[in-house]
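Architecture and fold: a report
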Amino acid sequence: YSGTAGAWASADYRSATGATSVVGTNGATFYITGIQLEVGSAATSFDYRDYGRELVMCERYYEKGSFTIRTYSGGGTCGQFFPFSVTKRTGASMTASNTSYAYNCSGLVLSGGYLSGFEMYLTTTASWACLSDWAASAEL
């Protein structure tokens, strides 16, 4: 039931000739926005949230960043606490990536399980420096 797009017709056309069917195309993507689910049969006004508020709500579940740290010490295990931007909904599990060391250190450990931040530990024999990306996940 296709007809020429933009042309008047006396037939019951359901689409334009040559139109692509989202459900009939393998791997097609259908974008939708502005949806609000309601409990019950009465609809309420749409709940608009600004970008900043939405970001804070998302960062309760996931946050990522990076750190560069350098210090001078006599060796041993060194550590530092890094606060999250937003308090997590539960203790976060931590992952590190793109980690690089300078000087005399190794063995980066990120200690999660906190709502407000994470701890970073390194083993060092002298002055040290470390650069790393991190991700905190507090998914359901």
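Figured I'd write up the structure that's included with this text. (Residues numbered from 1 in each chain as written. Predicted model: local features only at pLDDT ≥ 70, side-chain atom pairs only at ≥ 80, totals over all residues. Heavy atoms only, no water.)

**Some words on the packing of aromatic side chains**
Tallied over the entire structure, the rule returns 8 aromatic pairs. Relative to F118, the ring of F82 lies with its centre 5.4 Å away and its plane at 20 degrees, an arrangement referred to as stacked. Here F82 is found in strand β4 (residues 76–83), whereas its partner F118 is found in strand β6 (residues 117–137), with 36 residues between them in sequence. Look at F118 and you get buried, because its relative accessible area is 0%. Put simply, the rings of F67, F82, F84, F118 and W134 pair up and form one aromatic cluster. (Phe/Tyr/Trp six-rings, centres within 6.5 Å; stacked < 30°, edge-to-face > 60°. Helix = DSSP H or I, 4+ residues; strand = E, 2+ residues; numbered from the N terminus. Buried < 20%, exposed > 50% of the residue type's maximum accessible area, 1.4 Å probe, protein only.)

**Some points on the pattern of salt bridges**
Enumeration according to the criterion identifies 2 salt bridges in this entry. Taking the shortest distance from any N to any O, the salt bridge between E54 and R49 comes out at 2.8 Å. R49 sits in the partly exposed class, given a relative accessible area of 42%. Notably, a salt bridge pairs E63 with K88, separated by 2.5 Å at the nearest N-O pair. Residue E63 is located in strand β3 (residues 62–71), and its partner K88 is located in the loop between β4 and β5 (93–111); the two are separated by 25 residues in the primary sequence. (Salt bridge = Lys/Arg side-chain N within 4 Å of Asp/Glu carboxyl O.)

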